[in-house]
Amino acid sequence: MRPTLDSELLRTFVAIAETGNFTKAAEQAGRTQSAVSMQMKKLEELIGDSLFERGSRGVALTRRGGELIVNARRIVSLLDETAASMAAAPLGGPVRIGIPEEYGHAILSRALGAFSKRHTQVEVTVRYAHSGAQIAALAAGELDLCVVFEWQDPAGGEVLMHDPTVWVTSTLHHMHEEQPVPIALYNRAGWCKDFAIKSLEQRDLAYRVAYTSDTTGGLKLAVTSGLAIAPISRSNIPDGCRELTTADGFGAIDSSNVVMHRSPNASGEAIDGMQEAIREAFVNRLNQPAASS
């Protein structure tokens, strides 16, 4: 007979996995540590295997626990999303968002998916563009919310994550070993000159520009097809590629943060709701295990 898994057991399991500590998980759940331990004992009996390995610094997932955590997170997230949709009154009105192309699928699709199910009457407009254009559009009143990269200290926005830009190479083509190294760059001169090219010149690395593109997707294509190496944010390194580190003679290009700004003239519950949905999507992204590259 298949085990019947209780959602509260899964919720506690996720809390322990994310904190790495039974005590912290118990504090989050408002339970005693012994109650949490009993819950996990029951869950392990249902699964028929141990879920945690205990060490001096806390607990880590066993192989079986690692298999369970993926679906457990999905179930808990779906339950929370369903509860929120039942509790929240439907919103209406327009919301205009600007976001980097890099986060269109990983972040915005998650945010829009959760938001649109709750608020079917909201009209969402999305603009993909580089950070300078997004900030200008926000200042001109053309956007309500924008997510941008900021390479200096954030000025007035909400920091969503730290995501430095790094040089990326294909694990198949090894273009970083060529001399001079072929590079792919954005068509925009300012950032490329001030950060990407400067990082090569500081390390006395000879280079040639082999490819230019308006989009991050174009840079990814240049790397995966073996045309060049390219500057890509660390969280967006494509499959079959890897970061070039100091051991390779390279290193991080910048130390950028991903920051969300809101127009001072943007008001309304629909915009409030979308801002929270984007924030939650980034939090969920950070809580996911890093993908291998």
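Computed from a prediction, not measured in an experiment: that's the story for all the values here.

Draft legend 1. Here's a closer look at the pattern of salt bridges. For the structure on display, the rule yields 13 salt bridges. The partner of R11 in a salt bridge is E8, with the nearest N and O atoms 3.8 Å apart. Residue R11 and its partner E8 are both found in helix α1 (residues 7–19); the two are separated by three residues, about one turn of the helix. The closest approach of N and O atoms between R63 and E67, which form a salt bridge, is 2.6 Å. You can see R63 and its partner E67 sitting in helix α4 (residues 63–87), four residues apart, about one turn around the helix. On the basis of relative accessible area, R63 is assigned to the exposed category, the value being 61%. Under the relative-accessibility criterion, E67 is labelled partly exposed at 40%. Each of the salt bridges in this network shares a partner with another, and the network as a whole consists of E8, R11, R31 and D80.

Draft legend 2. Here's a closer look at the environment of T23. The topology assignment puts T23 in helix α2 (residues 22–29). A residue is classified by how much of its surface remains accessible, and T23, at 33% relative accessible area, is partly exposed. As a C-alpha pair, T23 and S34 span eleven residues in sequence and 9.2 Å in three-dimensional space.

Draft legend 3. Representation of the UniProt feature "domain: HTH lysR-type" (unreviewed entry) in the chain within the structure. Mapped onto this numbering, the UniProt entry annotates "domain: HTH lysR-type" (unreviewed entry) at residues 5–62. The span residues 5–62 is 62% helix and 14% strand, and its two end C-alpha atoms sit 18 Å from each other.

Draft legend 4. Seen up close, the pairing of strand β1 (residues 52–55). By the bridge criterion, four bridges tie β1 to strand β2 (residues 58–61) in an arrangement that is antiparallel. Following the sheet pairing, R54 is matched in β2 by V59. Between β1 and β2, which pair antiparallel and follow one another directly, the connecting turn spans two residues.

Draft legend 5. Representation of helix α5 (residues 104–118). With 15 residues, α5 should cover 21 Å at 1.5 Å per step; its first-to-last C-alpha distance of 20 Å lies within 8% of that length. Listed as buried for α5 are G104, I107, L108, A111, A114 and F115.

Draft legend 6. Broad picture of the sheet that holds strand β10 (residues 230–233). Read across the sheet, three strands follow the order β10-β7-β11 without closing on themselves; strand pairing throughout is antiparallel. Looking at strand neighbours, the two that pair on one side only are β10 and β11 (241–243), the edges of this open sheet. With direction set aside, neighbouring strand axes in the sheet form an average angle of 50 degrees. Where strand β7 (residues 165–170) meets β11, three bridges bridge the pair, whose relative direction is antiparallel. In the strand pairing of β11, T169 is matched with R242. Of the strands in this sheet, β7, β10 and β11 are in contact with helix α8 (residues 216–224), which crosses β10 at around 125 degrees.

Reading the values: the criteria
Residues numbered from 1 in each chain as written. Predicted model: local features only at pLDDT ≥ 70, side-chain atom pairs only at ≥ 80, totals over all residues. Heavy atoms only, no water. Salt bridge = Lys/Arg side-chain N within 4 Å of Asp/Glu carboxyl O. Helix = DSSP H or I, 4+ residues; strand = E, 2+ residues; numbered from the N terminus. Buried < 20%, exposed > 50% of the residue type's maximum accessible area, 1.4 Å probe, protein only. UniProt positions renumbered as here; feature names shortened; annotations may be inferred. Pairing = 2+ DSSP bridges. Expected span 1.5 Å × (residues − 1). Axes fitted to C-alpha atoms, helices over the stretch in contact; angles between N-to-C directions. Contact = heavy atoms within 4.5 Å.

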